[in-house]
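Listed below, chain by chain, are the residues.
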Amino acid sequence: MPVKEGDFIKLSYTGRSFGMVFDTTSETEARESGAFDEKKKYEPVIVCAGKQQILLGLDEAVMGKEPGDEGTIEIPPEKAFGEREQELMRSYEKKVFNEKPSVGMRVNIPNTGEGTVVKMIGNRVLVDFNHPLAGQTLDYSYKIEGFVEDPAEQIKGLISIFSGLETSVSIENGVAKVDLPAGIYSYSRRFVSSKPYITISIFDLVNGIEEIQYIEKYPKPEKKAEEIKE
């Protein structure tokens, strides 16, 4: 059965820029290319086809394909990270930054976003807010591993693709219960900012969900041996 819009699929891929791997779901590819990140979990991603949860060019490539199909595609800037825009280059005084800026440093400017320091002249710092891969044509290899039919797995996939959070999900009588790590609202800005979109996406894309409960769990700490003796 071919992939159509709204289908949840499990997808493996590797993205390259000028032959260099910048993103992959394969640990082997990451290690062999020197792009391995110990903090990242390497496994196929779960996405809803046709909803641009991945790059537009890759999203279009999987439509109409079958589970098990694989291929290599070239994605132009307009279907990847967009063209470079000159108006996204902005200048600031050094005193704006919390730490001493340097060329190549990634910085976050309040009410503007994340950018890269590209030049420093005297007391002025030029920051580029374009995506680092903006303006580039990218090469992707991919494989459709299969369809994902389980609603709980679909929800886990949406949470992961939007926030990077790995969690457990259970569903009973139309109520989806999402287990959250203790303190996540205080340390994960990405989850907090993406939660509204995750919620809307679950209701729109996952069948049979009438309510979502985000449950932040705090397990009781175990007493140390010396405390028990006392």
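What counts as what
- Residues numbered from 1 in each chain as written.
- Predicted model: local features only at pLDDT ≥ 70, side-chain atom pairs only at ≥ 80, totals over all residues.
- Heavy atoms only, no water.
- Pairing = 2+ DSSP bridges.
- Helix = DSSP H or I, 4+ residues; strand = E, 2+ residues; numbered from the N terminus.
- Axes fitted to C-alpha atoms, helices over the stretch in contact; angles between N-to-C directions.
- Contact = heavy atoms within 4.5 Å.
- UniProt positions renumbered as here; feature names shortened; annotations may be inferred.
- Left-handed = near helix turned anticlockwise from the far one by under 90°.
- Nonpolar A, V, L, I, M, F, W, Y, C, P; charged D, E, K, R; others polar.
- Buried < 20%, exposed > 50% of the residue type's maximum accessible area, 1.4 Å probe, protein only.

Chemist: When you look at the sheet that holds strand β11 (residues 175-180) in this model, what are you seeing that I'm missing?
Modeler: An order of β10-β11-β12 is seen for the 3 strands of this open sheet, with the pairing classed as mixed. Two strands bound the open sheet, and with one partner strand each, they are β10 (169-172) and β12 (211-216). The sheet shows a mean angle of 20 degrees between the axes of neighbouring strands, direction not considered. Where β11 meets β12, 6 bridges bridge the pair, whose relative direction is parallel. Across the sheet, residue Val175 finds its bridge partner in β12, namely Glu211. Across the sheet, helix α3 (residues 151-163) touches β10 and β11, and the angle it forms with β10 is around 140 degrees. Relative to the sheet, helix α5 (residues 189-205) contacts β11 and β12, its axis offset from that of β12 by approximately 150 degrees.

Chemist: When you look at the sheet that holds strand β8 (residues 124-128) in this model, what are you seeing that I'm missing?
Modeler: Across the sheet, 4 strands lie side by side as β5-β8-β7-β6; this open sheet has antiparallel pairing. Unpaired on one side and paired on the other, β5 (89-93) and β6 (106-109) mark the two borders of the sheet. In this sheet, adjacent strand axes meet at a mean angle of 45 degrees when their direction is disregarded. Of the strand pairs in this sheet, β6 and strand β7 (residues 113-121) are connected by 4 bridges, and their pairing is antiparallel.

Chemist: Any chance you could explain the UniProt feature "domain: PPIase FKBP-type" (unreviewed entry) in the protein here in plain terms?
Modeler: Mapped onto this numbering, the UniProt entry gives "domain: PPIase FKBP-type" (unreviewed entry) at residues 6-84. For the annotated span residues 6-84, helix accounts for 18% and strand for 32% of the residues, and the straight-line distance between the end C-alpha atoms is 31 Å.

Chemist: I would appreciate a short explanation of the packing of α3 against α5 in the present structure.
Modeler: A pair of packed helices can be characterised by two numbers: the angle between their axes and the separation between those axes. Between α3 and α5, whose axes approach to 9 Å, the crossing angle comes to 145 degrees. In the packing of α3 onto α5, the handedness of the crossing is right-handed. Facing Ile155, Leu158, Ile159, Ser160, Ile161, Phe162 and Ser163 of α3, the residues of α5 in contact are Arg190, Phe191, Ser194, Tyr197, Ile198, Ser201, Ile202 and Leu205. Residues that form the contact of α3 with α5 fall into these classes: 10 nonpolar, 4 polar and 1 charged.

Chemist: Sorry if this is basic, but what is going on with unusual backbone geometry here?
Modeler: Comment: phi is negative for the bulk of residues other than glycine, and the bulk of peptide bonds are trans. Its identity is not glycine, yet Gln52 carries a phi of approximately 55 degrees, on the positive side. Topologically, Gln52 is positioned in the loop between β3 (45-48) and α2 (56-62). A positive phi angle is found at Asn111, which is not glycine, with a value near 65 degrees. Following the sequence through the fold, Asn111 ends up in the loop between β6 and β7. Judged by its relative accessible area of 87%, Asn111 falls in the exposed class.

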